[in-house]
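Below, each chain spelled out in residue letters.
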Amino acid sequence: MKKKTAKKIGILTSGGDCPGLNAVIRAIVKIAVHAHNIEIIGFQDGYEGLIHNRFIPLGSRQASGILTIGGTILGTSNIATPYRYAVKEGKKIIYKDVSQKAIANYKRNKLDALIAIGGDGTLSAALKLKKDGLNIVGVPKTIDNDLSETDWTFGFDSAVTTATEAIDKLHSTAQSHHRVMIIEVMGRYAGWIALFSGMAGGGDVILIPEIPYRIEKICAKIKERQKLGKRFSIIVVAEGARPVGGEVVVAKIVEKSFDKIRLGGIASRLADEIERRIQIECRATILGHVQRGGTPTSFDRVLATRYGAEAINLVLRKNFGRMVALKGNKITSVPIEKAVKKLKLIPLNSGLIRSLREMNVSFGD
Ligand code: F6P
């Protein structure tokens, strides 16, 4: 009989939540328990749980009935991280390296591996833990789809579906009131959600961080449509879009977070600016966290399940320091180090951008 290579695995979900997290947890637990008789514990609230040894045992019962549920049954945090942990000293917040506590808890629980499910912040911390001796496997999660070395992150398809539905609905008011409706979608410094939902929802102008815009070009596009008898326009703008030579719009600074800047507000800026320049009524909608919630699409459920299965495979093969990934339609894995090196932005020679331009969609450039 083959020797068992893992008896006990810890998992955690960290960073912003997204649809599909529970589907990954479910796949990992079901495969570990049923196929390999491996014990699983789930740390609560991301690295917070690992640092304070807060966890729950995960068995068949906990993994049941969660496939369709948004968020994460484990809880998450985009603030707690072992190498820059915020602690209050008097009235001041200071940052400490508490990685030794996290490492000690991994050892205390006699874990053979830790599966970290998260985006670039989570996986960067996971990489450091790997360098400090832990057996780590990463699973790429983010609605932003901005992680390198994987074509898709789960959560992205669900977010695009939500954004597309919103654009479809905004068409009603745009058409009835002959207005410019501007919808701001998430994505941080990458325009994936805007590009895909803009294409799926038939946006007339799509503004993405990768292509800085000129306000005159946007106004010209609206005017051109008016001349053609189209009395409304739909603008899909990524929260990270910015004008040529200008800056992104920052909504707030979350000091304790590992990525402090929260973007948001560009849609309202654009609405004011367009109204001022060409006197057409504009309305801004900021879709916000609606994109992160709700039940995952079937695509995300399948992707999350495949990722979970591959994560267990990597642990069993002792292939640590790697992140599961999708390349084309093939599940594979890549070094975490490569995945977190740089953000995956939309290439300017993307076929999608080319097709949209050919369809006379404006990118504001
Ligand atoms: O990374 C996911 C994401 O939803 C981004 O698209 C967005 O900029 C950010 O997180 C919002 O973060 P928070 O939940 O802290 O407001």
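Calculation criteria
Residues numbered from 1 in each chain as written. Predicted model: local features only at pLDDT ≥ 70, side-chain atom pairs only at ≥ 80, totals over all residues. Heavy atoms only, no water. Helix = DSSP H or I, 4+ residues; strand = E, 2+ residues; numbered from the N terminus. Rg over C-alpha atoms; globule rule 2.2 N^0.38 Å. Buried < 20%, exposed > 50% of the residue type's maximum accessible area, 1.4 Å probe, protein only. Areas by Shrake-Rupley, 256 points an atom, 1.4 Å probe, with all protein chains shown as cover. Lys, Arg positive; Asp, Glu negative; His and termini not counted. Charge placed at Lys NZ, Arg CZ, Asp CG, Glu CD. Near = heavy atom within 4 Å. Polar contact = N/O pair within 3.5 Å; in protein donor to acceptor, adjacent residues only side chain to side chain. Nonpolar A, V, L, I, M, F, W, Y, C, P; charged D, E, K, R; others polar. Pairing = 2+ DSSP bridges. Axes fitted to C-alpha atoms, helices over the stretch in contact; angles between N-to-C directions. Core = buried A, V, L, I, M, F, W, Y, C linked by side-chain atoms within 4.5 Å. Domains from an automatic or database assignment. Contact = heavy atoms within 4.5 Å. Buried area = accessible area lost by both parts, 1.4 Å probe. Salt bridge = Lys/Arg side-chain N within 4 Å of Asp/Glu carboxyl O. Disulfide = S-S within 2.5 Å. Patch = residues over 30% accessible without salt bridge, like charges linked within 9 Å, V, L, I, M, F, W, Y side chains within 5 Å. Parallel < 35°, antiparallel > 145°, perpendicular 65-115°, else oblique. Left-handed = near helix turned anticlockwise from the far one by under 90°.

Colleague: Can you explain the overall build of the protein chain? Please cite residues and give values.
Modeller: From N to C terminus, the protein chain includes 11 helices and 15 strands. Its C-alpha radius of gyration of 22 Å places the protein chain within 12% of the 21 Å reference for a compact globule of 365 residues. Viewed in the frame of its principal axes, the protein chain has a C-alpha envelope of about 75 × 50 × 35 Å. With 365 residues in all, the protein chain has 54% of them scored as buried. By element, 52% of the accessible surface of the protein chain is carried by carbon and sulfur atoms, the whole surface being about 15,900 Å². In the protein chain, the 56 positive side-chain charges and the 34 negative ones have mean positions that sit 6 Å from each other.

Colleague: Which residues make up unusual backbone geometry, and what are the values?
Modeller: Its identity as a non-glycine residue notwithstanding, E149 has a phi of 70 degrees, on the positive side. Secondary-structure assignment places E149 in the loop between β7 (136–140) and α5 (156–177). Although it is not a glycine, K318 adopts a positive phi angle of roughly 55 degrees.

Colleague: Any chance you could break down the site of the ligand for me, citing the residues and the numbers?
Modeller: Taken together, the residues surrounding the ligand are N78, I143, D144, M186, G187, R188, E239, R262, H289 and R292. In this structure, R262 approaches the ligand through a side-chain N or O atom, which is 2.6 Å from an oxygen atom. Relative to its unbound accessible surface of 400 Å², the ligand loses 79% to contact with the protein. Tallied by class, residues from the shell around the ligand come to 2 nonpolar, 3 polar and 5 charged.

Colleague: Now, about the sheet that holds strand β1 (residues 8–13): what can you tell me, with residues and values included?
Modeller: Reading across from one edge, β3-β2-β1-β6-β7-β14-β15 is the order of the 7 strands in this open sheet, with mixed pairing throughout. Every other strand in the sheet has two partners, leaving β3 (55–58) and β15 (330–335) as the edge strands with one partner each. The mean angle between the axes of side-by-side strands here comes to 30 degrees, regardless of whether they run parallel or antiparallel. Where strand β14 (residues 322–327) lies against β15, 6 bridges are found, and the strand directions are antiparallel.

Colleague: Lay out the nonpolar core with the relevant residues and their values.
Modeller: Formed by 65 residues in total, the largest nonpolar core has its most connected members in I11, I115, I117, V139, F154 and I193. Among the elements that line this core, the one with the most residues is α5, at 8 residues. Mapped onto the domain boundaries, this core takes at least three residues apiece from domain 1 (8–154 + 296–339) and domain 2 (159–291). I193 has contacts with I143, D144, F156, A159, V160, A163, V185, M186, G187, G198 and Q291, leaving out every residue within four places of it along the chain. One finds L50, Y106, L134 and M323 within the second-largest nonpolar core, a separate group that totals 30 residues.

Colleague: An account of the domain arrangement of the protein chain is requested, with residue identities and associated values reported.
Modeller: Segmentation of the protein chain into domains returns domain 1 (8–154 + 296–339) and domain 2 (159–291). Taking only C-alpha atoms, the centre of domain 1 and the centre of domain 2 are 33 Å apart. Each partner contributes residues to the interface: domain 1 has 20 residues there, and domain 2 has 17 residues. Taking both partners together, domain 1 and domain 2 bury about 1,500 Å²; carbon and sulfur atoms supply 58% of that area. There are 3 salt bridges connecting domain 1 and domain 2.

Colleague: For the state of the cysteines, give the residues involved together with the corresponding values.
Modeller: Overall, the coordinates contain 0 disulfides when judged by the stated rule. Between C282, a cysteine without a disulfide, and C219, which holds the nearest cysteine sulfur, the sulfur-to-sulfur distance is 8.1 Å.

Colleague: Run through the sheet that holds strand β13 (residues 282–286), naming residues and quoting values.
Modeller: Read from one edge of the open sheet, 4 strands run β9-β10-β8-β13, paired in parallel fashion. One side of each edge strand has no neighbouring strand; the edge strands of this open sheet are β9 (205–207) and β13. Between one strand axis and the next, the sheet turns by 15 degrees as a mean value, whatever way the strands run. Alignment of strand β8 (residues 180–185) against strand β10 (residues 233–238), held across 6 bridges, turns out to be parallel. Looking across to β10, one finds that M181 is bridged to I234. Together, β8, β10 and β13 form the strand contacts of α5, whose direction differs from that of β8 by roughly 165 degrees.

Colleague: Account for a nonpolar patch on the surface, with residues named and values stated.
Modeller: On the surface, a nonpolar cluster with roughly 390 Å² of combined accessible area is contributed by Y189, V250, I253, I261 and L345. Structurally, the position occupied by I261 is in strand β12 (residues 261–263). On the basis of relative accessible area, I261 is assigned to the partly exposed category, the value being 35%.

Colleague: Provide a residue-level description of the packing of helix α1 (residues 21–36) against helix α9 (residues 298–316), including the pertinent values.
Modeller: Across the interface, α1 lies against α9 with an axial gap of 8 Å and an inter-helix angle of 45 degrees. By the angle class used here, α1 and α9 are oblique. Considering only the axes of α1 and α9, their crossing is right-handed. Of α9, the residues touching α1 (which contributes A23, V24, A27, I28, I31, A32 and H36) are R301, A304, T305, G308, A309, I312 and L316.

Colleague: Break down a positive patch on the surface for me, citing the residues and quoting the values.
Modeller: On the surface, a cluster of positive charge is contributed by K3, K4, K7 and K318. As for its placement among the helices and strands, K4 is situated in the segment before β1.

Colleague: Could you give me a rundown of the environment of R269, with the residues and numbers involved?
Modeller: Relative to the helices and strands, R269 is located in helix α8 (residues 266–278). Under the relative-accessibility criterion, R269 is labelled exposed at 54%. Note: C-alpha distance between R269 and N329 (60 residues apart in sequence) is 40 Å.

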